[in-house]
Each structure stands twice: as structure tokens, then as C-alpha cells.
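# Architecture at a glance
So you can see what is in the structure, the chains are spelled out below.
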Protein chains: 2
Amino acid sequence: MVKYPKRNFLIILIAPSGGGKSTIGHEILKRNENIEYSVSYTTRKPRFYEKNGKDYFFVSEKDFLEMKEKNEFLEYAKVHGNWYGTSLSYIRRKNETGKHILLDIDIQGAKNIVRSGIDAVTIFILPPTEKVLKDRLIKRDSDSSEVVSMRLKNAAAEIDEIGNFQYLVINDELEKAVQTVQSIITAEENRVERYEKIKEIFYGVNND
Amino acid sequence: MVKYPKRNFLIILIAPSGGGKSTIGHEILKRNENIEYSVSYTTRKPRFYEKNGKDYFFVSEKDFLEMKEKNEFLEYAKVHGNWYGTSLSYIRRKNETGKHILLDIDIQGAKNIVRSGIDAVTIFILPPTEKVLKDRLIKRDSDSSEVVSMRLKNAAAEIDEIGNFQYLVINDELEKAVQTVQSIITAEENRVERYEKIKEIFYGVNND
């Protein structure tokens, strides 16, 4: 197999709460050795099962704001009173490993990354209908009906933003949605502008 | 399954002679009920196994030039003394069937379609190296060494044009190349701008 070098990129999954983003993200990471997860910084307290450096980098508000002040974040957002952010130098370091980087960030952060002009593939995940989304949120059990109502309201605002992103995947059947995301990644890997040395390789010697 | 209506598009495979375009095109048509082949008009004589209306619409030079005069072609080109063209009204009719349309046209025609602004997905197919391309051309047997040399020279000019197209698929292993083209089609089907009624369907009634 002749190897053509190609530039890697960020993969951003966006979805309303209950859209199935985390499940799809986990499947994608499991199936692709060439994709790594981007660990965000946060000021929220770790849950008992969360590991520093794996789920998040847990930092104090003081440290977070200092990083923010120094423009060290590619994107950041305050959600429910806690800060979340993606470190630019962290992404640059990951990028040099030659792998794609999967980001699990909120819609505001995703829009900021799109605006930054960094090479990112943006995929919005949507349940097939509002009714399905509602059923999924209710089945989560832990959420009160007020929380469910709030999440449905947020979903409506997020759907208005779909036009800011490149792809829309309807998460009707999970496996089908995962495969569609997988196809999007394969397609994006083969975009002409990501190839770096077409002629050198095609005409190169010792290539067999 | 909830059905979200999406706009269909043209699929244009481009490749140097010997690139494997026809084989890949046939596989794609075989595996996708929602893709139809676009039959071109030509002034060249039919080969004994070719059927009018299936392989080409075989027309006289007079008829072809008349269609050309009336701007009835989406693209046309003269290759080795024969005219080839894609009828615009034919594409429009096919388009209304809700299927994607696969076009097997030369690089000049492909560039003209890109310039026309019609919604087309353009995929350049390239053998892994010049050596492989040469071997494939020689194995065809029927071609003299002068013809092979000419085809290699043409390939060099065509490779210079890759930047005009969206995707590049290296045809190293046929099955892998077919699957990559398949992924590109799936990805393009899920581009946000091809969805027509996101909110109507998401919030619609009687959708289960």
C-alpha cells in the first residue's frame, strides 16, 4: 500500500442533550485508532468515577480564568455556573501526533471553533423527532419534568443553529448513525485539500 | 424510520485512462438503488455490444451540433474526433426521480459542470503510482506502447487539475476504493444544505 500523507482535522459532534452524542462519540473512538479524544478543562467538581486528565482537566476557577486571560483557550463557555474550555496548545500537541481529535463541546464552543477557521468537521446529531427526544429524556429517569422541559426548549434553540454546521445525522438507529458519522470521517479524509504531496508520491521512486 | 427529504445531486467520477473509473462506477451503480447512470450523447459509431439509450444516445454530427447550438448540453467535448455531451433536459428529468445521477465524463466536461454551479460531487480516482498506472495500461494489451505513452502524458496533465475537484480516492485496492466512494456519497447525502425540512419533520405530527 502506498501511503499518501494527509492533514488530520478536528471532529466536532454537536447535539441537543439526549441526542446520543456521547454514545456515538464512544463508538467512533472505539472503532478508530487514528482518532483521539480531546480532554477539556473545567472548573466543575469531579464526579466520583471521573479521572483528572482522562475525563477532564479539573482546575480551580482562578487557574481557569488565568488561562482564559492569556488566550490559552481555543473555545470556552460557562454552563450552569461552571467553566469549560479547550486548550489551544493541548490541541496543537495532539495534532502533531497525526491523529484526528474528537471534541465533545457545547454548541457555543463549536460555533467559536468554526469561526476560528481551524480545520474542523462539524456534525450535528439529531433524534428523529421531538417526541423521540422527549421519550429519551424521560427514560433517563434522573431528570425531573422541569429539566426535561428545559432541555426540549434548549433543543429548539439548538436546532435553529444547525445551518452553522456541515453535516446533519439523524440518530434514528444508533448503529446506522455511527456508520454515517464514520462515512463522514472517511469522506473528509479524502478531501483533495487535505492531501499534501500528490505528485511527489505518484511519481516517487521506491514506492512499491 | 422517519424520512427527512434531501436534495439529490450529481456524482462525477474523474480519472486518467486506466484509473479504474468504469469498474468503480459499475460497482457503485450495482450497490445503490438510489443512483442512476447518466447516458451521454455521442457522434461516435456504436460498438457491436453497445445499445442505443443504454450505453449512449448515438446521434449524427448534424443532430449533435444542432443540440449544441440550442444550448441543450450541460457539458460537451470533442475527444479523438467524436463529440460527447450530457443533455441538460435529460439530467433535469432524471433529477426529478429523486435519485442521484452518476456521470462518466471526461475532465473537461467535469470542469464545465463544476463551473455551471449545478450541485455535483466530484471525485478524482487515481492509481497509487505512475508505475501501477503504466502496468495497468500495458496489461490492457490492446494498447500499443505509443498509446500507453500518450495516456501517461495525458494523466500528468489531468493530475495537474485535481485541485478543481472535491475528493481524491487512491485506487490501490479496488474494494477499498469502492467503499471510499460509497462513504463520500453517504457523507454528501448528510450535508446540512441538502436537507429540506428539518424543523417540519422534527416537530411534525404522526411521525412515528
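These numbers were taken from a predicted model, which means no experiment stands behind them. (Residues numbered from 1 in each chain as written. Chains lettered and ligands numbered in written order. Predicted model: local features only at pLDDT ≥ 70, side-chain atom pairs only at ≥ 80, totals over all residues.)

## Section: the overall build of chain A
Scanning chain A for helices and strands turns up eight helices and nine strands. Its C-alpha atoms give chain A principal-axis dimensions of roughly 65 × 40 × 30 Å. Residue burial in chain A is summarised as follows: out of 208 residues, 32% are buried. Intrachain contacts of chain A at a sequence separation of at least 6 include 68% that bridge at least 24 residues. (Helix = DSSP H or I, 4+ residues; strand = E, 2+ residues; numbered from the N terminus. Buried ≥ 20, exposed ≤ 12 C-beta atoms within 10 Å, placed from the backbone. Contact = placed C-beta atoms within 7 Å.)

## Thoughts on the packing of helix α7 (residues 174-189) of chain A against helix α7 (residues 174-189) of chain B
In helix packing, the relevant descriptors are the interaxial angle and the interaxial distance, both defined with respect to the helix axes. The N-to-C vectors of α7(A) and α7(B) enclose an angle of 110°; their axes lie 8 Å apart at closest approach. Taken together, α7(A) and α7(B) sit at an angle that is classed as roughly perpendicular. α7(B) is crossed by α7(A), and the crossing has left-handed handedness. For the pair α7(A) and α7(B), the contacting residues are Thr180(A), Ser183(A), Ile184(A), Thr186(A) and Ala187(A) in the first and Thr180(B), Ser183(B), Ile184(B), Thr186(B) and Ala187(B) in the second. When its residues are assigned to classes, the contact of α7(A) with α7(B) shows four nonpolar, six polar and no charged. (Axes fitted to C-alpha atoms, helices over the stretch in contact; angles between N-to-C directions. Parallel < 35°, antiparallel > 145°, perpendicular 65-115°, else oblique. Left-handed = near helix turned anticlockwise from the far one by under 90°. Nonpolar A, V, L, I, M, F, W, Y, C, P; charged D, E, K, R; others polar.)

## A few points about the sheet that holds strand β8 (residues 120-126) of chain B
All names here are of chain B. A sheet is described by the order of its strands in space; here five strands give the open sequence β2-β7-β1-β8-β9, paired in parallel fashion. Edge positions in the sheet fall to β2 (35-37) and β9 (167-170), since each of these pairs with one other strand and no more. The mean inter-strand angle of the sheet, taken between neighbouring strand axes irrespective of direction, is 25°. As judged from the five bridges shared by strand β1 (residues 10-14) and β8, these two strands associate in the parallel manner. Each bridged residue has a counterpart across the sheet, and for Leu 13 the counterpart in β8 is Ile 123. Its contacts with the sheet put helix α4 (residues 107-116) on β1 and β8, and the angle it makes with β1 is roughly 145°. (Pairing = 2+ DSSP bridges.)

## Observations regarding the relation of the copies chain A and chain B
Expressed as a screw operation, the relation of chain A to chain B combines 0.0 Å of axial shift with a rotation of 180°, fitting to an RMSD of 0.0 Å. Such values leave the two copies arranged in the relation of a two-fold axis. For chain A, the residue whose C-alpha comes nearest the rotation axis is Ser183(A), separated from it by 2.2 Å. (Least-squares fit on C-alpha atoms with pLDDT ≥ 70 in both.)

## A closer look at the sheet that holds strand β4 (residues 56-58) of chain B
Paired through backbone hydrogen bonds, the strands of a sheet run either parallel or antiparallel to each other. Residue and element names in this part refer to chain B. An order of β4-β3-β6-β5 is seen for the four strands of this open sheet, with the pairing classed as mixed. Edge positions in the sheet fall to β4 and β5 (73-79), since each of these pairs with one other strand and no more. Looking at each pair of strands side by side, their axes are set apart by 25° on average, direction ignored. By the bridge criterion, two bridges tie strand β3 (residues 40-42) to strand β6 (residues 82-87) in an arrangement that is antiparallel.

## As for the pairing of strand β8 (residues 120-126) of chain A
Residue and element names in this part refer to chain A. Judged by how many residues are buried, β8 sits mostly within the fold: six of seven residues are covered. As paired elements, β8 and strand β9 (residues 167-170) share four bridges and run parallel to each other. Each residue of the ladder has a partner; that of Ile 123, found in β9, is Tyr 167.

## A few points about the interface of chain A and chain B
Residue-level contacts link 33 residues of chain A with 33 residues of chain B. At the level of secondary structure, the elements contributing two or more residues to the side of chain A that touches chain B comprise α5 (130-139), β9, α7 and α8 (198-203) of chain A. Per-class residue counts for the side of chain A that touches chain B are 19 nonpolar, eight polar and six charged.

## Thoughts on the packing of helix α5 (residues 130-139) of chain B against helix α6 (residues 145-159) of chain B
Residues and elements named next belong to chain B. At their nearest, the axes of α5 and α6 sit 10 Å apart, and the two run at 145° to each other. Of the two possible hands of crossing, α5 and α6 adopt the one that is right-handed. In this structure, α5 uses Glu 130, Leu 133, Lys 134, Leu 137 and Ile 138 to contact α6, whose residues at the interface are Val 148, Arg 151, Leu 152 and Ala 155. Counted by class, the contact of α5 with α6 contains six nonpolar, no polar and three charged residues.

## Remarks on the environment of Lys199(B)
Tracing the sequence through the fold places Lys199(B) in helix α8 (residues 198-203). Counting along the chain gives 109 residues from Lys199(B) to Tyr90(B), while the straight-line C-alpha distance between them is 33 Å.

## Describing the nonpolar core
Counting residues in each nonpolar core, the largest one holds 82 residues, and the members touching the most others are Ile12(A), Ile123(A), Ile12(B) and Ile123(B). If we ignore the near neighbours within four places in the chain, the residues touching Ile12(A) are Leu103(A), Ile105(A), Ala110(A), Ile113(A), Ala120(A), Val121(A), Thr122(A) and Ile123(A). (Core = buried A, V, L, I, M, F, W, Y, C linked by C-beta atoms within 7 Å.)

## Side note on unusual backbone geometry
Its identity as a non-glycine residue notwithstanding, Asn71(A) has a phi of 55°, on the positive side. Note that Asn71(A) resides in the loop between α2 (61-69) and β5 (73-79).

## Quick look at the confidence of the model for chain A
Detail in the predicted coordinates should be disregarded across regions flagged by low pLDDT. Looking at chain A as a whole, the pLDDT averages 92, with 97% of positions reaching at least 70. The secondary structure element of chain A with the lowest average pLDDT is helix α6 (residues 145-159) of chain A, at 89, and the one with the highest is α7(A), at 98. (pLDDT = per-residue confidence, 0-100.)

## Re the pairing of strand β1 (residues 10-14) of chain A
All names here are of chain A. The buried fraction of β1 amounts to five of the five residues, a majority that puts the element mostly inside the structure. With four bridges connecting them, β1 and strand β7 (residues 100-104) associate as parallel partners. Looking at the pairing, Leu 10 lines up with Ile 101 of β7.

## Looking at the environment of Val114(A)
Residues and elements named next belong to chain A. Along the polypeptide, Val 114 turns up in helix α4 (residues 107-116). Judged by the 16 C-beta atoms lying within 10 Å of it, Val 114 is partly exposed. Separated by 50 residues in the primary sequence, Val 114 and Asn 164 place their C-alpha atoms 8.2 Å from one another. Excluding residues within four positions of it along the chain, Val 114 makes contact with Ala 120, Thr 122 and Asn 164.

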